[in-house]
Amino acid sequence: MLLKDKVAVIYGAGGAIGGAVARAFADEGARLFLTGHRLAPVELVAKEITAGGGAAEAAQVDALDGRAVDEHVQSVVDRANRVDISFNAVGIPDATILGRPLVDLEVEQFAWPVAAYTTSYFLTARAAARRMVTNRSGVIMTVTALLSRTGVPLVGGYGPAMAAKEALTRSLSAELAPHGVRVVGLRPQAMPETATLKEAFEPRAKATGLTWDQWQELLASRTHPRRLMRLAEMAEVAAFLASDRASGMTGTTVNLTMGSLDD
Ligand SMILES: NC(=O)c1ccc[n+]([C@@H]2O[C@H](COP(=O)([O-])OP(=O)(O)OC[C@H]3O[C@@H](n4cnc5c(N)ncnc54)[C@H](OP(=O)(O)O)[C@@H]3O)[C@@H](O)[C@H]2O)c1
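This structure is a prediction, so every number in the text was calculated from the model and none was measured.

**So, the site of the ligand**
Right, so step 1: The environment of the ligand is formed by 26 residues, the closest being Ile17, Ala63, Tyr158, Met191 and Thr196.
Right, so step 2: Within the contact set of the ligand, an oxygen atom lies 3.1 Å away from a side-chain nitrogen or oxygen of His37.
Right, so step 3: Thr194 places a polar side-chain atom, nitrogen or oxygen, 2.9 Å from a nitrogen atom of the ligand.
Right, so step 4: Protein burial of the ligand: of its 890 Å² of free accessible surface, 87% is covered by the chains.

The structure is reproduced here in structure tokens:
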């Protein structure tokens, strides 16, 4: 098992990516502390994992609230003695921005995803790093999207937010890696199983007349294998990156766009 007895905290664990990563970490033997904005979806994931023989506990933590994040991480350390992995899979709702041109947005609407994504990643990384540095061991992880490096219309500040998170991954690593803490991101291709992708499709359907199937085909045609990614594939990579087998990786965001985005 890649993550046997590793203690992992996941933020946004009730979501598509957070839930898939939680299942993969559990399969690899990690002890999980799952958190989310609303408790009910996180509890569902935790129950599924414990029913399968894994170790998972659920808690309600607003990942934009520094005190809530700190108190939760401290409670994990009090019970499990350490934090080995921190994974921020938080997705900030952006329904009012999707489909609207940048020139039509108020500055607050543009700035919201940039501030929210970076704040959440900063707060969760900081809370973990403070404990990990003491142990001279740990991995801090998050997820971004290919919009960090490609111009995509009608998504407001989402692309700049993803780029800022990838920059923060590099900055955190530069400061933390000398203390034994790795910082690694994942940049997955779109995963059609997720509600996020369906939500991103709606405004495009109106603008382009494409059907859901046609849009998926269009995205898939840009990848080398001519198909989109499954959540489980992304989560397998996350488990490897979180493991000691990836000890040579830090300060980078792994390009999981299946060839859509050149390195
Ligand atoms: N899905 C894809 O195909 C894909 C591909 C590439 C990148 N991404 C990116 O990866 C991220 C996650 O995507 P996803 O598909 O997993 O999204 P998702 O299913 O909507 O999950 C996001 C999770 O974040 C939680 N959350 C939101 N605000 C929070 C807060 N303040 N504190 C704690 N938790 C909070 C949500 O909880 P509540 O529901 O309780 O609010 C939800 O469980 C997003 O940035 C997304 O754009 C997604």
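**Quick notes on the packing of aromatic side chains**
Aromatic ring pairs are defined here through the distance separating the ring centres and the angle between the ring planes.
Right, so step 1: Within the structure shown, the criterion is met by five aromatic pairs.
Right, so step 2: Ring geometry for Phe25 versus Phe87: centroids 6.2 Å apart, planes at 80°, classification edge-to-face. Taken as a pair, Phe25 in helix H1 (residues 16-27) and Phe87 in strand S4 (residues 85-88) lie far apart in primary sequence, 62 residues in all. Phe87 matches Phe25 in its accessibility class, with the two residues each being buried.
Right, so step 3: Pairwise contacts between aromatic rings join Phe201, Trp212 and Trp215 into one cluster.
Right, so step 4: Across the ring face of Tyr121, the terminal group of Lys165 is positioned such that the distance to the ring centre comes to 5.5 Å.

**Side note on the packing of H1 against helix H8 (residues 231-242)**
Right, so step 1: The geometry of H1 relative to H8 is characterised by a closest axis approach of 8 Å and an angle of 55° between their N-to-C directions. On the basis of their axis angle, the class for H1 and H8 is oblique. In the crossing of H1 with H8, the sense of the turn from one axis to the other is right-handed. Taking contact as the criterion, the partners of Ala16, Ile17, Ala20, Val21, Ala24 and Phe25 in H1 are, on H8, Leu231, Met234, Ala235, Ala238, Ala239 and Ala242.
Right, so step 2: Looking at the contact of H1 with H8 residue by residue, the class counts come to twelve nonpolar, no polar and no charged.

**Topic: the layout of surface pockets**
Right, so step 1: In this structure, the second largest pocket spans a volume of roughly 170 Å³.
Right, so step 2: Every residue along the wall of the second largest pocket is listed here: Phe122, Arg126, Ala129, Arg130, Val133, Leu168, Ser171, Leu172, Glu175 and Leu176.
Right, so step 3: Elements with a minimum of two residues in the lining of the second largest pocket: helix H4 (107-135) and helix H5 (158-176).
Right, so step 4: A class-by-class count of the residues in the lining of the second largest pocket yields six nonpolar, one polar and three charged.

**Let's talk about the pairing of strand S3 (residues 55-60)**
Right, so step 1: Looking at chain direction, strand S2 (residues 31-36) and S3 are connected through six bridges and run parallel. Bridge pairing links Gly36 to Gln60 in S3.
Right, so step 2: Once the chain exits S2 it traverses helix H2 (residues 39-51) before rejoining the sheet at S3, and the crossover so formed is right-handed.

Conventions and cut-offs
Residues numbered from 1 in each chain as written. Predicted model: local features only at pLDDT ≥ 70, side-chain atom pairs only at ≥ 80, totals over all residues. Heavy atoms only, no water. Near = heavy atom within 4 Å. Polar contact = N/O pair within 3.5 Å; in protein donor to acceptor, adjacent residues only side chain to side chain. Areas by Shrake-Rupley, 256 points an atom, 1.4 Å probe, with all protein chains shown as cover. Phe/Tyr/Trp six-rings, centres within 6.5 Å; stacked < 30°, edge-to-face > 60°. Helix = DSSP H or I, 4+ residues; strand = E, 2+ residues; numbered from the N terminus. Buried < 20%, exposed > 50% of the residue type's maximum accessible area, 1.4 Å probe, protein only. Lys NZ or Arg CZ within 6 Å of the ring centre and 35° of its normal. Axes fitted to C-alpha atoms, helices over the stretch in contact; angles between N-to-C directions. Parallel < 35°, antiparallel > 145°, perpendicular 65-115°, else oblique. Left-handed = near helix turned anticlockwise from the far one by under 90°. Contact = heavy atoms within 4.5 Å. Nonpolar A, V, L, I, M, F, W, Y, C, P; charged D, E, K, R; others polar. 1 Å grid on protein atoms, 1.4 Å probe; cavity = no way out; pocket = protein on both sides within 12 Å on 5 of 7 lines; lining within 4 Å. Points joined across faces, edges and corners; volume = space filled by probe spheres on them. Pairing = 2+ DSSP bridges. Right-handed = clockwise from strand over helix to strand, strands pointing away.

By themselves these figures say nothing about function.
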